[in-house]
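Given next are the chains, with one letter for each unit.
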Amino acid sequence: LEQPIAEAQALLDATTVSADGKDVLSNEQWVSQADHDALASAIADAQALASSTKAVSKTAVEDQAAALAAAVTAFKTAQKAGLKDAGTRIRLRRT
């Protein structure tokens, strides 16, 4: 579970939360707060199971891995490109 947790956390960290994407540059991804919270919750659940000091069944680990994978898929589906123009800068040289 540790690798999928790390990958999910990296995805979460790389995505901005926005209400409508207007405050996010067009070359960046954003999601709503609800989408962010859903993945954060799935990560927390997986971390809790992975760090449990109690004996954990193989089925429980597999179920948690599947739940995390489903949350990541839903998160990726919810990601959208930002709407804020990054702008282009043109440098003029004096001759």
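Coordinates for the structure precede this section.
Predicted, not measured: the structure shown is a model, and the values here were computed from it. Per chain, residues are indexed from 1 in the order of the written sequence. Predicted model: local features are reported for residues with pLDDT of at least 70 only, side-chain atom pairs are reported and counted for 80 or more only, and whole-chain, interface and lining totals are derived from all residues. Working from all heavy atoms in the structure, the side-chain values ignore hydrogens and water.

Student: How do you make sense of the overall build of the chain when you look at a structure like this?
Tutor: Think of it this way: any DSSP run of H or I at least four residues long counts as a helix, any run of E at least two long counts as a strand, and we number them from the N terminus. The helix and strand tally for the chain stands at three helices and three strands. What you see in the chain, going N to C, is helices and strands ordered as α-β-β-α-α-β. Taking the principal axes of its C-alpha atoms as reference, the chain extends roughly 75 × 30 × 15 Å. When accessible area is computed with a 1.4 Å probe and restricted to protein chains, residues below 20% of their type maximum are described as buried, those above 50% as exposed, and intermediate ones as partly exposed. Considering the chain as a whole, with its 95 residues, one finds that 25% of them fall into the buried category.

Student: Can you walk me through the packing of helix 1 (residues 2-13) against helix 2 (residues 33-50) in this structure?
Tutor: The relative placement of two packed helices comes down to the angle between their axes together with the axis-to-axis distance. Each axis is a line fitted through C-alpha atoms, and for a helix only the stretch in contact is used; angles between axes span 0 to 180 degrees, taken between their N-to-C directions. One can describe the packing of helix 1 onto helix 2 by two numbers: an axis separation of 10 Å at closest approach and a directional angle of 155°. As far as their axial angle goes, helix 2 and helix 1 are roughly antiparallel. In this structure, helix 1 crosses over helix 2, and the sense of that crossing is left-handed. Between helix 1, through Ile-5, Ala-8, Gln-9, Leu-11 and Leu-12, and helix 2, the contact on the second element is made entirely by His-36, Leu-39, Ala-40, Ile-43, Ala-46, Gln-47 and Ala-50. Nonpolar residues are Ala, Val, Leu, Ile, Met, Phe, Trp, Tyr, Cys and Pro. Charged residues are Asp, Glu, Lys and Arg, and all others, Gly as well, are polar. Of the residues contributing to the contact of helix 1 with helix 2, the split by class is nine nonpolar, three polar and no charged. Each angle receives one of four descriptions, namely roughly parallel if under 35 degrees, roughly antiparallel if over 145, roughly perpendicular if within 65 to 115, and oblique otherwise. Two helices cross in a left-handed way if the nearer one is turned anticlockwise from the farther one by less than a right angle. They cross in a right-handed way if the turn is clockwise. In this analysis, two residues are considered to be in contact whenever any of their non-hydrogen atoms come within 4.5 Å of each other.

Student: How should I be thinking about the pattern of salt bridges in this particular structure?
Tutor: Opposite charge on two side chains allows them to pair when their charged atoms are near. Counted as salt bridges are all cases of a side-chain nitrogen of Lys or Arg within 4 Å of a carboxyl oxygen of Asp or Glu. One pass over the full model with this rule turns up one salt bridge. Between Lys-58 and Glu-62 there is a salt bridge, and its shortest N-O distance comes to 3.9 Å. With Lys-58 and Glu-62 both in helix 3 (residues 58-78) and four residues apart, this pair spans about one turn of that helix.

Student: Any chance you could explain the nonpolar core here in plain terms?
Tutor: Soluble, globular proteins show a tendency: their nonpolar side chains are buried together. To form a nonpolar core, buried Ala, Val, Leu, Ile, Met, Phe, Trp, Tyr and Cys residues must be joined to one another through side-chain atoms within 4.5 Å. The biggest cluster of nonpolar side chains holds 14 residues, and the ones touching the most others in it are Ala-8, Leu-39, Ile-43, Leu-68, Val-72 and Phe-75. Among the secondary structure elements, those contributing two or more residues to this core are helix 1, helix 2 and helix 3. When residues of this core are assigned to their parent elements, the largest contribution, five residues, is made by helix 3.

Student: Help me understand the packing of helix 1 against helix 3, please; the structure alone is not making it clear to me.
Tutor: Where helix 1 contacts helix 3, the two axes come as close as 11 Å, and the packing angle between them is 20°. Between helix 1 and helix 3, the angle falls in the class roughly parallel. As for the relative orientation of helix 1 and helix 3, their crossing is left-handed in sense. Here Pro-4, Ile-5, Ala-8, Leu-11 and Leu-12 of helix 1 come into contact with helix 3, specifically with Leu-68, Val-72, Phe-75 and Lys-76. Taken together, the residues of the contact of helix 1 with helix 3 sort by class into eight nonpolar, no polar and one charged.

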